[in-house]
Amino acid sequence: MHDASAAIVVDGMVVAAAEEERFSRRKHHVGFPAGAIRYCLEESGASIKDVDVVALSWRPWVLGTRVMNALKSVSFSRKAFQAKASRGMGQMGNEWYELFVMKRLIKQHFGSLTGKIHYLDHHLCHAVSAFYVSPFEKAAALTVDGAGEDNTTVFWTCEGTEMKRIAAIKIPHSLGQFYAAITGFLGFKIQSDEYKVMGMTPYGKPVYADFFRNEVFDFCKDGTFRMKKRFLDYHLARQGMFLPETIKVLGKNRLPDEEVTNNHMDIAKSAQVVLEEVLFHMANHLHRETRTDTLCLAGGVALNCVANGKLYDNTPFRRIFVQPAAGDAGTSVGAALYAYHRYNREPRKYQMRDAYLGPSYSHQECVGALNEFGLSYRELLTKEELCSTIAAVLSEGKLVCWFQGRMEWGPRALGNRSLLADPRRAEMRDIINLKVKHREPFRPFAPSVLEEKSYDYFGNPIPSPFMLFAFKVNPNRQKDIPAVTHVDGTARPQTVKKEANPLYWNLIKEFENRTGVPVLLNTSFNVQEPIVCSPKDAVACFLKTKVDYLVLNNLLIEQPSNTPT
Ligand SMILES: [Fe+2]
């Protein structure tokens, strides 16, 4: 399905996990994750014969509810019906079909599977992917996405390995699909560019918030919500079509290459404000039901770090955990862990303390990639030399592609496949956009900060190792780190703990020793493609940019186009 991934659990521990897009090099890869499965088997030293259970995070036979939903839409719009039916049929012939013939697909790629195949509820896998790997023994959980088989939101209470469903909301009432349709209305890619809409919100005014709040959503007394009218149709939006009533209220939809206007910013802001209100409404209800102050969040909506950050001020939850791959990719970890504990009635023992579950590459592999591209390199012999050399060039305003160790799990680069820069220089945003990313100027860049110094800069109530919470930058610190402070004074920090990533921690520490600032600008190492995975991806991407340096493990490479000839 969308954002396909694989994860492997051995003796209760998540040994490896990765998104298929990193191997196939197709963003949000849809379909059988052959590359990710191959990697998981290799990393754990297993063959397909060693696998006891294959667990999938979808139950394809329940997907029939969507067909019923499509039929119901005939009554209000022929176009909406056609859009739903054509997407449903397309999925039926491809992704859903693959779910039914999983054993055959596995055999084709890896040989015969002797273990069983389990089909698990999609939202259960989301919930497990967060709670089972969290530090909590007991918690409430909220899973919110576009849609699972038929649920769009599920409320849970969790203890040990027990997951109890308290309530559920079904399609077409979907917060994720609402935000996705707004993303499409604003000319961006649905199920992909929602974070761009989120990045626009500080520039807009919530002029449509009342309309969304009163006319589109119904905040139900039982803590759930309903969509009152078919104002924005998700399936039509996927095809770039919008209902006349949408256009009457919001104006004409934006086409992908059109300029972003103030009205677009206002739409984004209004959608964000109401998404947050619906989320707080549900979270507060969940708290009343569960009486715990610990919350696990998962599902695509849990990637909305602006909303996540505000949960502390708008709900009684005090400890909130979101695992890095909160979207659909994360469900492979949930499926594998759930299946493991169903067979082995033992307490949970794995905790996701860092996101480095992807592949790493040897010195030989790095050298091989450089030779292939005819690049010369300098070897930095000690970790101290590596960190001090790179901290020095960063403090001089240079850009560095930083490739180290195991790749991150989830959509954020967290210091192993990152593009790094000096956060003290306000002009750095423009420089990166010019030399590397060519992205929308309104999108912010995020900081990595030493965990022990993070409160001084961000006042964050908890560590944020996966960049999934936006906080206010302390007013007296905003001038120190202008390149990572958004226009509304917020930032989405990654707090770096020494034990989680010693090399990256040391690099930031060395930068602090030189500049007095324990923060680096950290954006993902990619240019309009999935984040780089292998040294070969890294070199190819580096050469497409004007970034000054590439670091591949301990090898330093200068940008050839910057070297005078
Ligand atoms: Fe999902």
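Relevant structure appears above.
The present account deals with the structure reproduced in this document. These numbers were taken from a predicted model, which means no experiment stands behind them. (Residues numbered from 1 in each chain as written. Predicted model: local features only at pLDDT ≥ 70, side-chain atom pairs only at ≥ 80, totals over all residues. Heavy atoms only, no water.)

**A closer look at the coordination of the iron ion**
Argument step 1. Taken together, His 122 (NE2), His 126 (NE2), Asp 145 (OD) and Asp 328 (OD) make up the protein donors of the iron ion, found 2.0 to 2.3 Å from the metal.
Argument step 2. For the iron ion, the donor residues sit on a single chain with the sequence spacing H-x3-H-x18-D-x182-D. Of this pair, His 122 sits in helix α6 (residues 122-131) while Asp 145 sits in the loop between β5 (138-144) and β6 (151-159), and the two are 23 residues apart along the sequence. Across the pair, Asp 145 and His 122 agree in class, each one buried. (Donors = N, O, S within 2.8 Å, 3.2 Å for Na, K, Ca; no water. Helix = DSSP H or I, 4+ residues; strand = E, 2+ residues; numbered from the N terminus. Buried < 20%, exposed > 50% of the residue type's maximum accessible area, 1.4 Å probe, protein only.)

**A look at the packing of aromatic side chains**
Argument step 1. What the rule picks out here adds up to 16 aromatic pairs.
Argument step 2. For the pair Phe 211 and Phe 212, a centre-to-centre distance of 6.3 Å together with 65° between the ring planes defines the contact as edge-to-face.
Argument step 3. Ring pairing ties together the aromatic residues Phe 178, Phe 211, Phe 212, Phe 217, Phe 225 and Phe 231, which thus form one cluster.
Argument step 4. The ring of Phe 403 has Arg 417 sitting right over it, with the charged end atom 3.9 Å from the ring centre.
Argument step 5. Above the plane of the ring of Tyr 457 lies Arg 477, whose end atom (NZ or CZ) is 4.4 Å from the centre. (Phe/Tyr/Trp six-rings, centres within 6.5 Å; stacked < 30°, edge-to-face > 60°. Lys NZ or Arg CZ within 6 Å of the ring centre and 35° of its normal.)

**Some words on helix α15 (residues 363-372)**
Argument step 1. For α15, the full list of buried residues reads Cys 366, Val 367, Ala 369 and Leu 370. Down the axis of α15, the sector holding all buried residues measures 160°, keeping them to one side. Summarising the geometry of α15, the exposed residues directed more than 90 degrees from the buried face are Gln 364, Asn 371 and Glu 372. (Arc of directions from axis to C-beta.)

**A closer look at the environment of Ser 362**
Argument step 1. Position of Ser 362 among the secondary structure elements: in the loop between α14 (331-343) and α15.
Argument step 2. When the C-alpha atoms of Ser 362 and Asn 553 are compared, they prove to be 8.4 Å apart, with 191 residues separating the residues in sequence.

**Here's the deal with the nonpolar core**
Argument step 1. Leu 175, Ile 182, Phe 212, Met 282 and Leu 552 are the most contacted members of the largest nonpolar core, which totals 192 residues.
Argument step 2. Sorting elements by how many residues they give to this core places helix α12 (residues 262-290) first, with 13 residues.
Argument step 3. Apart from residues lying up to four places away in sequence, Phe 212 is in contact with Phe 178, Ile 182, Phe 217, Phe 231, Leu 250, Ile 267, Ser 270, Ala 271 and Val 274. (Core = buried A, V, L, I, M, F, W, Y, C linked by side-chain atoms within 4.5 Å. Contact = heavy atoms within 4.5 Å.)

**Some thoughts on the sheet that holds strand β15 (residues 446-450)**
Argument step 1. Pairing is mixed across the open sheet formed by 8 strands, whose spatial order is β12-β21-β20-β13-β14-β19-β15-β18. The sheet is open, and its two borders are formed by β12 (378-379) and β18 (494-496), each paired with just one other strand.
Argument step 2. By the bridge criterion, 2 bridges tie β12 to strand β21 (residues 555-558) in an arrangement that is antiparallel. Bridged to Glu 379 within β21 is Leu 555. (Pairing = 2+ DSSP bridges.)

**A few points about the pattern of salt bridges**
Argument step 1. Counted by the stated rule, this structure contains 26 salt bridges.
Argument step 2. A salt bridge links Arg 213 to Asp 210; its shortest N-O distance comes to 2.6 Å. Of this pair, Arg 213 and Asp 210 are both found in helix α9 (residues 209-216), 3 residues apart, which corresponds to roughly one turn of the helix.
Argument step 3. A relative accessible area of 48% means that Asp 210 is categorised as partly exposed.
Argument step 4. One salt bridge connects Asp 422 with Arg 425, and the closest N-O pair in it is separated by 3.0 Å.
Argument step 5. Of the residues examined, Arg 425 reaches a relative accessible area of 25% and is grouped as partly exposed. (Salt bridge = Lys/Arg side-chain N within 4 Å of Asp/Glu carboxyl O.)

**Quick word on the packing of helix α16 (residues 383-395) against helix α19 (residues 502-515)**
For any two helices packed against each other, one specifies the inter-axial angle together with the distance between the axes.
Argument step 1. The interhelical angle for the contact between α16 and α19, taken along N-to-C directions, is 50°, at an axis separation of 8 Å. Looking at the two axes, α16 sits oblique to α19. Considering how the two elements wind past one another, α16 and α19 form a crossing that is right-handed. Residue-level contacts link Lys 383, Leu 386, Cys 387, Ser 388, Ile 390, Ala 391, Ala 392, Leu 394 and Ser 395 of α16 to Leu 503, Asn 506, Leu 507, Glu 510, Phe 511, Arg 514 and Thr 515 of α19.
Argument step 2. In terms of residue class, the contact of α16 with α19 is made up of 9 nonpolar, 4 polar and 3 charged. (Axes fitted to C-alpha atoms, helices over the stretch in contact; angles between N-to-C directions. Parallel < 35°, antiparallel > 145°, perpendicular 65-115°, else oblique. Left-handed = near helix turned anticlockwise from the far one by under 90°. Nonpolar A, V, L, I, M, F, W, Y, C, P; charged D, E, K, R; others polar.)

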